[in-house]
Amino acid sequence: MVSRRQFLSTAAAAAAMLGSDRRILAAQPSKYDILIKGGRVIDPSVRLDAIRDVAIVAGRIVAVEASLAGEAAETIDARGKLVVPGLIDIHTHGARSADGPPMMLEDGVTGWIDAGSHGADGIAEPVAIAKASPQPGRVLINIGRQGILPDGDTMELGRADVQAAKDAIARHRDIIVGVKARLSRDVSAANDYEVLRRSKEVTSAFGLPVMIHMGQTLSPLPRLFDLLERGDIVTHMFAPPPNSIIDDTGHILPAVLAARRRGVWFDIGNGQTGHMRWDTVGAIMKTGFWPDTFSTDWSTNSRRTGVVDLPNCMSKLLGYGMSVADAVARATLNPSRVFPLFNDRGTLNVGAPADVAVLELRDGKFEFLDNYKGTITGKQRFFPFATVLAGKRFRITA
């Protein structure tokens, strides 16, 4: 294992080795950096769900077989555990603190997006944290130039500053990958439609997506959804009324169905306040309109709340008809398709970057919390066990 400091010091060297993968493999076909033995490998990208060994050399997956022999610098005993692609969380607030990215690695998260913690005025801070992150991390800029504010990011419409956002993206085009528009009534009030229109004006200039924070908006959802295009993201899709994605008769709104048909992504964004209520979750899941992606709305205090970590959030829908493989897909393969940064991730296919999460799936009686102090009891829960990033096992040391 390596400490965080050791990992960072060797990351550049590991990256330089990737170009010579084939020569290394030809010279040492049975010498592995890491061999993960005997786990239940779930890789939705190739529809694999079976007991397999996974071998890693020079930061890449080199073999996934029923039984692999050979020497390894490190062997991970994964018997009785799940071996899945590294988890990707597309809605976090991990760039609020330099402690965030390493903490997410402990949870199996090998790629993350900070969803609008900061606007143009403070964008340098999350950009620096993303650049220093051990795993790939990127930032959605808040259309409100002062970022998240207790009294509402864009309650004053002037804060939704198009030119400021454009200038910030132009300066940090390698790190800023979209715009976040928070549209709830306590964030933007009657400005919600104009805030989203301005957000789309910014994203259209760069060919980037917008992520909208929905739920309890003043404007009806169909009016807002008319502005969304292929590649845009709706987070907090389980937010209860007013203006939920489901109507009073238990049907998904036609505008919501139309948005999915034209390529809009629907994301959970678990969070802590106002985003999930079990009756709304149950009604939406019953329609078959399932989320495309799991995400946490995570921050460094989440371990003390109902969020906890991405594996915990992945567990919450197992009681609503979602299978283990379904849940894994929504934290690996599906989010890898949302942002180009992750297009070669979310898979354990041979040749892919060796980002791996080893999870425990425990049976028992587990309590899960929504955002309204409501609880449900589940029979299974995912727990993080080990993380491999770019072919290195990662852990935090004191």
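The subject of this paragraph is the packing of aromatic side chains. According to the stated counting rule, one finds four aromatic pairs in the structure shown. On the basis of an interplanar angle of 50° and a centroid distance of 6.1 Å, the ring pair of F225 and F266 is categorised as tilted. Of this pair, F225 sits in helix 7 (residues 221–225) while F266 sits in strand 12 (residues 265–266); the two residues are 41 residues apart in sequence, bridging distant segments of the chain. Each member of the pair, F225 as well as F266, carries the same accessibility label: buried.

What follows is about the environment of I268. Mapping I268 onto the fold places it in the loop between strand 12 and helix 9 (278–287). You can call I268 buried: its relative accessible area is 4%. Discounting residues that sit within four places of it in the chain, I268 has contacts with T235, H236, M237, F238, M276, P291, T293, F294, S295 and L317.

This next bit is on the sheet that holds strand 12. What the seven strands build is an open sheet, ordered 6-7-8-9-10-11-12; its pairing is parallel. Sheet topology places strand 6 (87–92) and strand 12 at the edges, where each strand pairs with a single neighbour. Alignment of strand 9 (residues 176–182) against strand 10 (residues 210–213), held across four bridges, turns out to be parallel. Of the residues in strand 10, the one forming a bridge with A181 is I212.

Attention now goes to helix 5 (residues 162–171). Looking only at helix 5, the buried set comprises V162, A164, A165, A168 and I169. An end-on view of helix 5 places all buried positions within 165° of arc, on one side of the element. Opposite the packed face of helix 5, turned more than 90 degrees from it, sit the exposed residues A170 and R171. N-capping of helix 5 is provided by D161, with a side-chain oxygen placed 3.2 Å from the backbone N of Q163.

Our next topic: the nonpolar core. By size, the foremost hydrophobic cluster in this structure holds 80 residues, and its most contacted members are I212, F225, F238, I245, F266 and M314. For this core, the element with the highest residue contribution is helix 5, accounting for five residues. In contact with M314, not counting residues within four places along its chain, are L87, F294, A327, V328, A331, L359 and F382. Formed by 18 residues, the second largest nonpolar core is a distinct cluster that contains I34, L48, A50 and L348.

A few words now on the confidence of the model for the protein. Per-chain confidence: the protein averages 93 in pLDDT, with 92% of residues scoring 70 or above. The low-confidence segment residues 1–28, where pLDDT is below 50, has 33 contacts with residues more than four positions distant or belonging to other chains.

To continue, consider the side chain of S184. Structurally, the position occupied by S184 is in the loop between strand 9 and helix 6 (192–206). With residues up to four places along the chain from it excluded, the contact list for S184 reads A189, H213, M214, G215, Q216 and T217.

Here we come to the pattern of salt bridges. Tallied over the full model, the rule gives 22 salt bridges. For E156, the salt bridge identified is with R159, shortest N-O distance 3.6 Å. Its relative accessible area of 51% is what places E156 among the exposed residues. The class of R159 is buried, set by a relative accessible area of 12%. E194 is the partner of R197 in a salt bridge, and the nearest nitrogen-oxygen pair spans 2.9 Å. Of this pair, R197 and E194 both sit in helix 6, separated by three residues, roughly a single helical turn. Taken together, the salt bridges that share partners define one network made up of E194, R197, R198 and E201.

Further remarks concern the packing of helix 5 against helix 6. Contact geometry of helix 5 with helix 6 gives a least axis separation of 9 Å together with a crossing angle of 30°. Between helix 5 and helix 6, the crossing angle belongs to the class labelled roughly parallel. Where helix 5 crosses over helix 6, the two elements pack in a sense that is right-handed. Where helix 5 approaches helix 6, its residues V162, A165, K166, I169 and A170 are matched on the opposing element by R198, E201, V202, A205 and F206. Residue classes in the contact of helix 5 with helix 6 are distributed as seven nonpolar, no polar and three charged.

Cut-off values and rules
- Residues numbered from 1 in each chain as written.
- Predicted model: local features only at pLDDT ≥ 70, side-chain atom pairs only at ≥ 80, totals over all residues.
- Heavy atoms only, no water.
- Phe/Tyr/Trp six-rings, centres within 6.5 Å; stacked < 30°, edge-to-face > 60°.
- Helix = DSSP H or I, 4+ residues; strand = E, 2+ residues; numbered from the N terminus.
- Buried < 20%, exposed > 50% of the residue type's maximum accessible area, 1.4 Å probe, protein only.
- Contact = heavy atoms within 4.5 Å.
- Pairing = 2+ DSSP bridges.
- Arc of directions from axis to C-beta.
- Polar contact = N/O pair within 3.5 Å; in protein donor to acceptor, adjacent residues only side chain to side chain.
- Core = buried A, V, L, I, M, F, W, Y, C linked by side-chain atoms within 4.5 Å.
- pLDDT = per-residue confidence, 0-100.
- Salt bridge = Lys/Arg side-chain N within 4 Å of Asp/Glu carboxyl O.
- Axes fitted to C-alpha atoms, helices over the stretch in contact; angles between N-to-C directions.
- Parallel < 35°, antiparallel > 145°, perpendicular 65-115°, else oblique.
- Left-handed = near helix turned anticlockwise from the far one by under 90°.
- Nonpolar A, V, L, I, M, F, W, Y, C, P; charged D, E, K, R; others polar.

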